[in-house]
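# Structure assessment
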Amino acid sequence: MDEVAVGLGALERTPLFAGLDRERLESVLSVGRRVTIDAGQAVVERGDPGDAMYIMLDGAAEVDVGGRFHRLERGDFFGEMAVLAGKPREATVKAAEPVEALRIPGDEFQAFLAHNPQIASGMLQSLVERLREVQDRLDSWIGGVW
Ligand code: CMP
C-alpha cells in the first residue's frame, strides 16, 4: 500500500472525519505532513505555542492531564485546543510507543474547519467531553475533600 492509501485508511478510521468523502479526506492529507516521534519524546509541551494539531496515524501517545494519563491511539487527535484558542498548549503529549502522526498547521486547520462545519461540530463535541471528564474529576475530588 502506498503512503497516500495508508494515510487515507487512517483518516477513514478517525471518528472526527467519519462521513467525509474521499476528496475531502485527500484535502486533509494534502495540508498535513507526516511526522514520526520516538517513544518517550514529547510531541507538544505544555506552555508551547499552538502552531499545529495532530492526527494519530499509528502508535500510542499519552496526554499528561494533571498527573493522570489519557491515552491516544490511531484515529485520535490532539493539539487542537491551543490552535483553536490561540493560547499556549494545555498539556504535554508524549509518545508512549513510536508515533506516526499527521501534523496539520494551525492556519490550514482553521481554514479546513471553516469549510467543513460538521467537522467543527464533531470537534466541539470532543472538546466538551474532554472538559466534562476533567470537571467530573474535579467534582469528585472536591466532594472527597469536603
Ligand atoms: P493543546 O492544548 O493544543 O495541546 C495539548 C493537547 O492535549 C490539547 O491540545 C488536547 O488535544 C489534549 N488534551 C488536553 N487536555 C486533555 C484532556 N483532559 N483529555 C484529553 N486530551 C486532552
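Attention in this report is confined to the structure presented alongside it.

Time to look at helix H1 (residues 3-12). The set of residues buried in H1 consists of Gly-7, Leu-8, Gly-9, Ala-10 and Leu-11. Buried-residue contacts for H1 involve helix H2 (22-31), strand E1 (33-37), strand E3 (52-58) and strand E8 (99-105).

What follows deals with the environment of Leu-11. If you trace the backbone, Leu-11 turns up in helix H1. Here Leu-11 is in contact with Phe-17, Leu-25, Val-28, Leu-29, Ile-55 and Leu-102, once residues within four sequence places are set aside.

Here we come to the site of the ligand. With respect to spatial proximity, 16 residues lie near the ligand, and among them Gly-79, Glu-80, Ala-82, Arg-89 and Glu-90 are the closest. The contact in question runs from an oxygen atom of the ligand to an N or O atom on the side chain of Glu-80, over 2.7 Å. With the chains in place, 97% of the 460 Å² that the ligand exposes on its own is no longer accessible. Because more than half of its atoms lie within 2 Å of the grid, the ligand is assigned to the largest pocket. When contributions to the shell around the ligand are tallied by element, the ones reaching two or more residues are strand E4 (60-65), helix H3 (80-85) and helix H5 (117-145). Per-class residue counts for the shell around the ligand are nine nonpolar, two polar and five charged.

For the rest of this paragraph, the subject is the side chain of Thr-92. Here Thr-92 lies in the loop between H3 and strand E7 (93-95). With near-sequence residues (within four places) excluded, Thr-92 lies in contact with Ala-42, Val-44, Glu-45, Arg-46, Glu-62, Val-63 and Asp-64.

How two aromatic rings sit relative to each other is set out by the distance from centre to centre and by the angle between their planes. Tallying each qualifying case throughout the model produces two aromatic pairs. Look at Phe-17 and Phe-112: their rings are 6.2 Å apart centre to centre, the planes differ by 85°, and that puts the pair in the edge-to-face class. Remark: Phe-112 occurs in helix H4 (residues 106-115) and Phe-17 occurs in the loop between H1 and H2; sequence separation between them is 95 residues. The same class applies to Phe-17 and to Phe-112, which are both buried. Note on Tyr-54 and Phe-78: the rings are 5.1 Å apart at their centroids and 5° apart in plane angle, and the pair reads as stacked. Of this pair, Tyr-54 sits in strand E3 while Phe-78 is found in strand E6 (residues 77-78), placing the two residues 24 residues apart along the sequence. With a relative accessible area of 6%, Tyr-54 lands in the buried category.

Thresholds, definitions, all that
Residues numbered from 1 in each chain as written. Predicted model: local features only at pLDDT ≥ 70, side-chain atom pairs only at ≥ 80, totals over all residues. Heavy atoms only, no water. Buried < 20%, exposed > 50% of the residue type's maximum accessible area, 1.4 Å probe, protein only. Helix = DSSP H or I, 4+ residues; strand = E, 2+ residues; numbered from the N terminus. Contact = heavy atoms within 4.5 Å. Near = heavy atom within 4 Å. Polar contact = N/O pair within 3.5 Å; in protein donor to acceptor, adjacent residues only side chain to side chain. Areas by Shrake-Rupley, 256 points an atom, 1.4 Å probe, with all protein chains shown as cover. 1 Å grid on protein atoms, 1.4 Å probe; cavity = no way out; pocket = protein on both sides within 12 Å on 5 of 7 lines; lining within 4 Å. Sits in = over half its atoms within 2 Å of the grid points. Nonpolar A, V, L, I, M, F, W, Y, C, P; charged D, E, K, R; others polar. Phe/Tyr/Trp six-rings, centres within 6.5 Å; stacked < 30°, edge-to-face > 60°.

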